[in-house]
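What follows is the residue order along each chain.
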Amino acid sequence: MSTVKVGIIGMGSIGAVHADAYRACPQAELAAICDVSSARLDSEARRLNISRRFTDYRELLRTGVDAVSVCVGNVLHREVAVAALKAGKHILLEKPMAMNAREAAAIIAAGHRARKIIQVGMVNRQRAEIQLAREYVATGLLGQIYHIHAMLIRRRGIPGLGGWFTTKSMSGGGPLIDLGVHWFDAAMHVSGLWKPTRVSAMNYAKFGAPLKGYKYVDMWAGPPKFNGVFDVEDYSTGFVRFGRQATMDFNICWAANAEERGFIEILGDKGGLRMLEGKPLTLLTEHQGRLANITPQYKDVNPFQVQAAKFIAASRGLGKPAATAGEGLTVMKLLDAVYRSSRLGKEVEL
Ligand SMILES: NC(=O)c1ccc[n+]([C@@H]2O[C@H](COP(=O)([O-])OP(=O)(O)OC[C@H]3O[C@@H](n4cnc5c(N)ncnc54)[C@H](O)[C@@H]3O)[C@@H](O)[C@H]2O)c1
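Given the structure is predicted, the values throughout are model-derived calculations rather than measurements. (Residues numbered from 1 in each chain as written. Predicted model: local features only at pLDDT ≥ 70, side-chain atom pairs only at ≥ 80, totals over all residues. Heavy atoms only, no water.)

In strand β4 (residues 67–70), alternate side chains face the same way, and those of Ala-67 and Ser-69 on one face and Val-68 and Val-70 on the other are all buried. In terms of strand pairing, strand β1 (residues 4–9) meets β4 through 4 bridges, oriented parallel. Note on β4: the bridge partner recorded for Val-6 is Ala-67. In terms of strand pairing, β4 meets strand β5 (residues 90–93) through 4 bridges, oriented parallel. (Buried < 20%, exposed > 50% of the residue type's maximum accessible area, 1.4 Å probe, protein only. Helix = DSSP H or I, 4+ residues; strand = E, 2+ residues; numbered from the N terminus. Pairing = 2+ DSSP bridges.)

Before going further, it helps to spend a moment on the site of the ligand. Lining the immediate surroundings of the ligand are 23 residues, of which Ser-13, Asp-35, Asn-74, His-77 and Lys-95 lie closest. Within the backbone of Ile-14, a nitrogen or oxygen atom sits 2.9 Å from an oxygen atom of the ligand. In this structure, Lys-95 approaches the ligand through a main-chain N or O atom, which is 2.9 Å from an oxygen atom. Contact with the protein chains hides 80% of the accessible area of the ligand, taken as 840 Å² for the molecule alone. Each residue belonging to the shell around the ligand can be placed in one class, and the counts come to 13 nonpolar, 7 polar and 3 charged. (Near = heavy atom within 4 Å. Polar contact = N/O pair within 3.5 Å; in protein donor to acceptor, adjacent residues only side chain to side chain. Areas by Shrake-Rupley, 256 points an atom, 1.4 Å probe, with all protein chains shown as cover. Nonpolar A, V, L, I, M, F, W, Y, C, P; charged D, E, K, R; others polar.)

Pairs may arise between side chains of opposite charge once their charged atoms sit close together. Overall, the coordinates contain 14 salt bridges when judged by the stated rule. The residue Arg-198 makes a salt bridge to Glu-349 at a minimum N-O spacing of 3.1 Å. Taken together, the residues Arg-198 in strand β8 (residues 198–204) and Glu-349 in strand β15 (residues 348–349) connect sequence positions 151 residues apart. Judged by relative accessible area, which is 32%, Arg-198 ranks as partly exposed. Here Arg-241 ties to Glu-347 by a salt bridge, and the two come within 3.4 Å at their closest N and O atoms. Taken together, the residues span a long stretch of sequence, with Arg-241 in strand β9 (residues 235–242) and Glu-347 in the loop between α10 (325–344) and β15 at a distance of 106 residues. Each of Asp-20, Arg-23, Arg-40, Glu-44 and Arg-47 takes part in salt bridges that share partners, so that together they form one network. (Salt bridge = Lys/Arg side-chain N within 4 Å of Asp/Glu carboxyl O.)

This part is about the sheet that holds β5. A sheet is described by the order of its strands in space; here 6 strands give the open sequence β3-β2-β1-β4-β5-β6, paired in parallel fashion. Edge positions in the sheet fall to β3 (53–54) and β6 (118–120), since each of these pairs with one other strand and no more. Summarising the sheet, β1 and strand β2 (residues 28–34) pair through 6 bridges and their orientation is parallel. Bridge pairing in β2 places Ile-8 opposite Ile-33. Across the face of the sheet, helix α4 (residues 77–86) comes into contact with β1, β4, β5 and β6 while running at roughly 160° to β5. (Contact = heavy atoms within 4.5 Å. Axes fitted to C-alpha atoms, helices over the stretch in contact; angles between N-to-C directions.)

And the structure:
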């Protein structure tokens, strides 16, 4: 196979990013796009100079594309992913993998039957700092990892208030499933701790629910729909056990009366890592008998381009998917457990 013919289903904000990433990949040919909104479809088709465009994704799946990016909203991930696999396409499936672990498992079963590649859109893994953090862990610079802080706080960052992001039946949840999915994946990917066993968590909804009363400066995926729905959390906090080996606390939030901040800190008995903070990766350690903070130099990459290139390579049989469906399922099980723990008001087992 010389080039891989790719289609994109869902040409919203992330579908457009996937299109640009494929166009930067010499082994990919962006062959067809699909969106139910013909206005959106036409403007993207013009921008990308693509003639094959569809408003029904099933028609796109009947074309000769080898692979598709699934970039529709969360509620459609399972349906579109399973249909694409059944049609014999490899899939790059945006995060969260699905609305819940049950749906994610159905996608995996379809992937096994079709013997096609499933790569989950955990794009942060492709950042240079995360790749380097993995190297540090692999070479033993952190020693034994025993705790992780995962923190992502927006002061007023609810996306598309009243729209699909804030409607549980369309999104599966609030910031936890929207952003926490990235943080949980990055934490487990870098630390190698892929066996969460117990969770105690609490979710709150303090800012979005009144809809009209929500004060904010900017809104992505806006404008707000004041006659829409807000029935998801806007703050999620909790504590995860990885057996007796390690723990993780997390605070993931779209809106709070708190300073904006975001980072993941991984604590080992020889070194600690601070990452995804919007500044260079830092290794906190000891050097020649002193405490030392090391900020290594590295070249930034476009993570969406690296993600697309790895998906295309995997589709050609040259390497593994950059984020596997099995890992996506583990993240979904952890998210499900957080929601369950909050609902029941007690620690739950995964
Ligand atoms: N990896 C990341 O960093 C990242 C960032 C943003 C969004 N996402 C994920 O990408 C997905 C889409 O998010 P978005 O922000 O682009 O949303 P969006 O609402 O901007 O785009 C979704 C698009 O899908 C289209 N659509 C809806 N139903 C369709 C159907 N049946 N067939 C074809 N098209 C259909 C909509 O018209 C819309 O243009 C979500 O799952 C989201 O979690 C990932």
